[in-house]
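Spelled out, the chains give:
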Amino acid sequence: MPAAPGVARGLSAAGVPAWDNVPMAQPTILVFSAHAADFCSRSGGTLALHARRGSEVHVVDLTFGERGESEDYWARPGPKSVEECKQVREAEAREAAAVLGAGIQFLDYDDYPLAVNREQVEAMARIIRERRPDVVLTHWKHEPFNVDHEVTAGAVLRAAGAAAVPGFDHEAGKVAFPYIFAFEPTIPRDDATGFSPDHYIDIGDVYEVKMEALRKLRSQSKLVRFYTQWAEYRGFQAAQSSGRPVRYAEAFQRYTAVVDTRLPFPETAA
Ligand SMILES: [Zn+2]
């Protein structure tokens, strides 16, 4: 079900600033994932944490990753097809989303190469209008080794922009431009992507949940090993940055500035 209009941007129903009553603890979250598994590998812990706190979490997979990110399917013996691969990936992604506590839908665009046209961006904008997310998670804007991800990031920014202007589908009414965070680019290439995390989420409490979800994505079995190592790497960075005993973390970089009346501080600060 679509979320009720949130007030996480600090506006009451009457449009009056209400900063001290902002229910940021349970933001509605919308994830745009280029391929079947990206949402889980890069932000599965964060999604599980928020879902367990009561957030509505919804994933939109632009493609099934049928050509480019289903290597275990294509390594199977016997006859194979793109159509069958899509069915397999959809089932796996649904299983993974269920473990995390997220809803999921599939746009069935084509991958490798993914090209999102005007009508498809508008379809994404209508999803944003319908869902009214407080927070959007998607890919980083520069990924020379996985341009499908980069294309997705550009399409999400364009869709969020369209959803926020009055002239697009005028009768439906515009929505606020959400906070947008980028999750991990293709690892381990921060050097090539310029991804520089400014937000870490300690996923230690739900690490096994994320791993269970990743194991559902059987057509990309390497993800379990990759993202175990990466969760430890980001956890190490987070521990170094905070002085806290963070073992596993997910990293994000903001596209949009946070506007508030007070400086942010860690929710777990003593
Ligand atoms: Zn991908």
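Bear in mind the structure is a predicted one, so any value in this text is a computation, not a measurement.

Helices and strands together make up the secondary structure of the protein chain, namely eight helices and seven strands. Out of the 270 residues in the protein chain, the part that is buried amounts to 44%.

Here the focus is the nonpolar core. Formed by 69 residues in total, the largest nonpolar core has its most connected members in Val-31, Leu-100, Ala-159 and Ala-249. With eight residues, helix H5 (residues 147–163) is the largest single contributor of residues to this core. Dropping the residues within four chain positions of it, Ala-249 is found in contact with Tyr-200, Ile-201, Asp-202, Ile-203, Ala-231, Arg-234, Gly-235 and Ala-238.

The next thing to look at is the pairing of strand S2 (residues 57–61). The element S2 is extensively covered by neighbouring structure, given that five of its five residues are classed as buried. Residues Val-57, Val-59 and Asp-61 of S2 are buried on one face, and the alternating residues His-58 and Val-60, pointing to the opposite face, are buried as well. Bridge analysis of strand S1 (residues 29–33) against S2 gives five bridges, and the strand direction is parallel. Paired with Val-31 across the strands is Val-59, a residue of S2. The handedness of the S1 to S2 crossover, carried by helix H1 (residues 38–52), is right-handed. Sheet analysis places S2 next to strand S3 (residues 103–106), joined by four bridges and oriented parallel. Bridge pairing in S3 links Val-59 to Ile-104.

Residue pairs three or four apart in sequence face the same way in an α-helix, which turns once every 3.6 residues. The end-to-end C-alpha distance of H5, which contains 17 residues, comes to 24 Å, matching closely the 24 Å that a straight helix rising 1.5 Å per residue would cover. Taken together, the buried positions of H5 are occupied by Asp-148, His-149, Glu-150, Val-151, Thr-152, Ala-153, Ala-155, Val-156, Ala-159, Ala-160, Ala-162 and Ala-163.

Orientation of helix H4 (residues 118–131) relative to H5, taken along the N-to-C sense of each, is 60 degrees, at an axis distance of 8 Å. Taken as axis vectors, H4 and H5 run oblique relative to one another. Crossing handedness for the pair H4 and H5: right-handed. Residue-level contacts link Val-121, Glu-122, Met-124, Ala-125, Ile-128 and Arg-129 of H4 to Ala-155, Val-156, Arg-158, Ala-159, Ala-160, Ala-162 and Ala-163 of H5.

Let us look at the sheet that holds strand S4 (residues 135–138). Strand order across the open sheet formed by seven strands is S3-S2-S1-S4-S5-S7-S6, with mixed pairing between neighbours. Both edges of this open sheet fall to S3 and strand S6 (199–202), since each of them pairs with a single strand only. Taking each pair of neighbouring strands and ignoring which way they run, the sheet shows an average axis angle of 25 degrees. Pairing geometry for S6 and strand S7 (residues 249–254), over four bridges, is antiparallel.

So, about helix H8 (residues 222–242). A rise of 1.5 Å per residue sets the reference length of H8, with its 21 residues, at 30 Å; its end C-alpha atoms lie 30 Å apart and thus fit the reference within 8%. All buried positions along H8 are accounted for by Leu-223, Tyr-227, Trp-230, Ala-231, Arg-234, Gly-235 and Ala-238. Here the buried residues of H8 occupy an arc of 150 degrees about the axis, which is enough to place them on one side. Of the exposed residues in H8, the ones pointing more than 90 degrees away from its buried face are Lys-222, Arg-225, Gln-229 and Gln-240.

Moving on, we get to the packing of helix H7 (residues 207–216) against H8. Running from amino to carboxyl end, H7 crosses H8 at an angle of 155 degrees, the nearest separation of the two axes being 9 Å. Relative to H8, the element H7 lies roughly antiparallel. In the crossing of H7 with H8, the sense of the turn from one axis to the other is right-handed. Each of Tyr-207, Met-211, Leu-214 and Arg-215 in H7 lies in contact with H8, whose residues at this interface are Leu-223, Val-224, Tyr-227 and Ala-231. In terms of residue class, the contact of H7 with H8 is built from seven nonpolar, no polar and one charged.

This part covers unusual backbone geometry. The linkage connecting Tyr-112 with the following residue, Pro-113, adopts the cis geometry, with an omega of 5 degrees. Among the secondary structure elements, Pro-113 is positioned in the loop between S3 and H4. A positive phi angle, close to 50 degrees, is found at Arg-132, a residue other than glycine. Looking at where Arg-132 falls in the secondary structure, it is placed in the loop between H4 and S4. Since 18 C-beta atoms lie within 10 Å of it, Arg-132 is described here as partly exposed. With phi around 45 degrees, Asp-169 is a residue other than glycine that occupies positive phi space. With respect to the helices and strands, the residue Asp-169 is situated in the loop between H5 and strand S5 (179–182).

Cut-offs used in this document
- Residues numbered from 1 in each chain as written.
- Predicted model: local features only at pLDDT ≥ 70, side-chain atom pairs only at ≥ 80, totals over all residues.
- Helix = DSSP H or I, 4+ residues; strand = E, 2+ residues; numbered from the N terminus.
- Buried ≥ 20, exposed ≤ 12 C-beta atoms within 10 Å, placed from the backbone.
- Core = buried A, V, L, I, M, F, W, Y, C linked by C-beta atoms within 7 Å.
- Contact = placed C-beta atoms within 7 Å.
- Pairing = 2+ DSSP bridges.
- Right-handed = clockwise from strand over helix to strand, strands pointing away.
- Expected span 1.5 Å × (residues − 1).
- Axes fitted to C-alpha atoms, helices over the stretch in contact; angles between N-to-C directions.
- Parallel < 35°, antiparallel > 145°, perpendicular 65-115°, else oblique.
- Left-handed = near helix turned anticlockwise from the far one by under 90°.
- Arc of directions from axis to C-beta.
- Nonpolar A, V, L, I, M, F, W, Y, C, P; charged D, E, K, R; others polar.

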